[in-house]
Amino acid sequence: MVKLSTVILSEIKQKTTRRYLREGFKDTLRIFVQGGAGGNGLPKFGGVGGKGANVVAVAKENLTLEQVYKANRSKRYIAASGRHSTHNFILGTPGEDLKVEVPVGVTLVTDFGKKLGELNEENEELVLAKGGPGGHPKNGFLGVKGEAYPVKLDLKLIADIGLVGFPNAGKSTLLKAISHAKPRIAAYPFTTVRPNIGILSYKDLRQISMADLPGLIEGAHKNKGMGHQFLKHVERTKLLLMIVDINGFQLSPQYPHRSCLETIMLLIKELEMYNAELVKKPSILVINKMDTEGSIQRFEEVKDKLKNLKESFKDYPSEIRPENILKFCDIIPVSAKERPADVEYVKNRLRNLLDVLAELEQQEQLKANSGLYQEIRQKISEKQPIRV
Ligand SMILES: Nc1nc2c(ncn2[C@@H]2O[C@H](COP(=O)(O)OP(=O)(O)OP(=O)(O)O)[C@@H](O)[C@H]2O)c(=O)[nH]1
């Protein structure tokens, strides 16, 4: 009996939710920064006070926001003041800058929404708060206070490709298959949240990174589920890989079942609601689960509709219809789970597309114009398969 119920339960239990979807997701950290005060001058001798130190952020690979937090739980970074001018040291010594190590990929924004900058390279530095000048004749020999305000550290993943799709579309399956089970877990903040990054390796040693960005569901723009939290990571990817199940999608029994075409429409809508710029990114559409029963017929039915999305979407109500139409550089039916050759083909096309984009970027042609997708499509078709 116990054995029977275990079997039944294991049948019912399809898969557990990903850990980072169950637990809270945090990829920002708010800190307080204060530049050091300038030292006072010495009017009697015309002495100038030392300048207050700056608070400087320094980018470090493999550092997480959690580590930043653990290194200083008070989250306060107050730089040293400059020394006062004295009889012995007429020129006060300036304070030594306070360096705050932060993860590569961080954007730094003040509470007033002012973007201080982003740090995308190892050891890149950014002054967060300037120290005040020392006291001198023009300020009455009184040292000035340093800048002080809270700063938000906002971490965005940097990957070449952003993999987006509704739950169960097969994102993890594809990522695992395409990166040959070498998924590297991103050094990511607050450890409970770890969007996966897979590395696609090619015979010529080229490596391409792909981030699996889960949590997107229908209605995410109304803050359903994880809302749009993960979509910010798409902003920094060079191309989008959208994946849908040929059989469509149903979030739960309370939600309507969406066909494959509707799923594509809703995905584009969600991207657009987050940031209309996202739908201008070069994208490839992967239609997954082509091994399932009836999939070939379903694909035949939808194939032509995918060629003209604008026309195919026009009769849907505006709440679910996107305003912008994403133009796919390629549409690929696959079985991520059952057919390694399909996965290899996708891997090839991604490489082709990234190569074409790099060429176009070099020629500074990558401007949003209607003929561009035609050109990209043509160029990737001319590319030879790459040995993967
Ligand atoms: N038949 C079939 N099943 C697949 C295929 N790809 C994925 N699946 C199955 O679909 C289910 C969901 O796959 P996942 O890779 O976890 O999907 P996901 O998009 O990462 O889902 P979330 O983790 O919810 O975001 C799993 O049971 C997979 O085994 C496929 O090509 N064919």
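Cut-off values and rules
Residues numbered from 1 in each chain as written. Predicted model: local features only at pLDDT ≥ 70, side-chain atom pairs only at ≥ 80, totals over all residues. Heavy atoms only, no water. Helix = DSSP H or I, 4+ residues; strand = E, 2+ residues; numbered from the N terminus. Buried < 20%, exposed > 50% of the residue type's maximum accessible area, 1.4 Å probe, protein only. Polar contact = N/O pair within 3.5 Å; in protein donor to acceptor, adjacent residues only side chain to side chain. Contact = heavy atoms within 4.5 Å. Pairing = 2+ DSSP bridges. Axes fitted to C-alpha atoms, helices over the stretch in contact; angles between N-to-C directions. Phe/Tyr/Trp six-rings, centres within 6.5 Å; stacked < 30°, edge-to-face > 60°. Lys NZ or Arg CZ within 6 Å of the ring centre and 35° of its normal. Salt bridge = Lys/Arg side-chain N within 4 Å of Asp/Glu carboxyl O.

### Thoughts on the side chain of Ser-283
And then number 1: Mapped onto the elements, Ser-283 comes out in strand β14 (residues 283-288).
And then number 2: Ser-283 sits in the buried class, given a relative accessible area of 0%.
And then number 3: In terms of polar contacts, Ser-283 uses its side chain to reach the backbone carbonyl oxygen of Lys-281, at 2.8 Å.
And then number 4: If we skip the residues at most four places from it in the chain, Ser-283 touches Leu-240, Leu-326, Lys-327, Phe-328, Cys-329 and Asp-330.

### A word on the sheet that holds strand β5 (residues 106-110)
And then number 1: The strand order β3-β1-β8-β5-β6 describes an open sheet built from five strands, whose pairing is mixed. The open sheet has two edge strands with one neighbour each: β3 (76-78) and β6 (115-119). Each adjacent strand pair in this sheet contributes to an overall mean axis angle of 25°, direction not counted.
And then number 2: Relative to strand β8 (residues 148-155), β5 runs antiparallel, the two being bridged by five bridges. Bridging across to β8, Thr-110 finds its partner in Val-151.

### A word on the packing of aromatic side chains
And then number 1: Evaluation of the coordinates by the stated rule reveals one aromatic pair.
And then number 2: Between Lys-347 and the ring centre of Tyr-202, over which it is positioned, the NZ or CZ distance is 5.2 Å.
And then number 3: The lysine or arginine in question, Arg-351, covers the ring of Tyr-202, its NZ or CZ lying 5.2 Å from the ring centre.

### Some details on the pattern of salt bridges
And then number 1: One pass over the structure, following the stated rule, counts 16 salt bridges.
And then number 2: Across the pair Lys-70 and Glu-66 runs a salt bridge, and its minimum N-O distance is 3.4 Å. Of the two residues, Lys-70 and Glu-66 both sit in helix α3 (residues 65-71), four residues apart, roughly one turn of that helix.
And then number 3: According to the relative accessible area criterion, Lys-70 is partly exposed, its value standing at 48%.
And then number 4: Assessed through its relative accessible area of 16%, Glu-66 is described here as buried.

### Topic: the environment of Phe-166
And then number 1: Looking at the element boundaries, Phe-166 is found in the loop between β9 (161-164) and α4 (171-178).
And then number 2: The spacing of Phe-166 and Val-244 is 78 residues in sequence and 7.2 Å in space, taken between C-alpha atoms.
And then number 3: Setting aside chain neighbours within four positions, we find Phe-166 in contact with Lys-171, Leu-216, Ile-217, Glu-218, Ile-243, Phe-249, Thr-263, Leu-266, Leu-267 and Glu-270.

### Some words on unusual backbone geometry
And then number 1: Of note, the phi angle at Phe-141 is positive, near 65°, even though the residue is not glycine.
And then number 2: Tracing the backbone shows Phe-141 in the loop between β7 (125-129) and β8.
And then number 3: With a phi angle near 75°, Asn-168 is a residue other than glycine that sits in the positive phi range.

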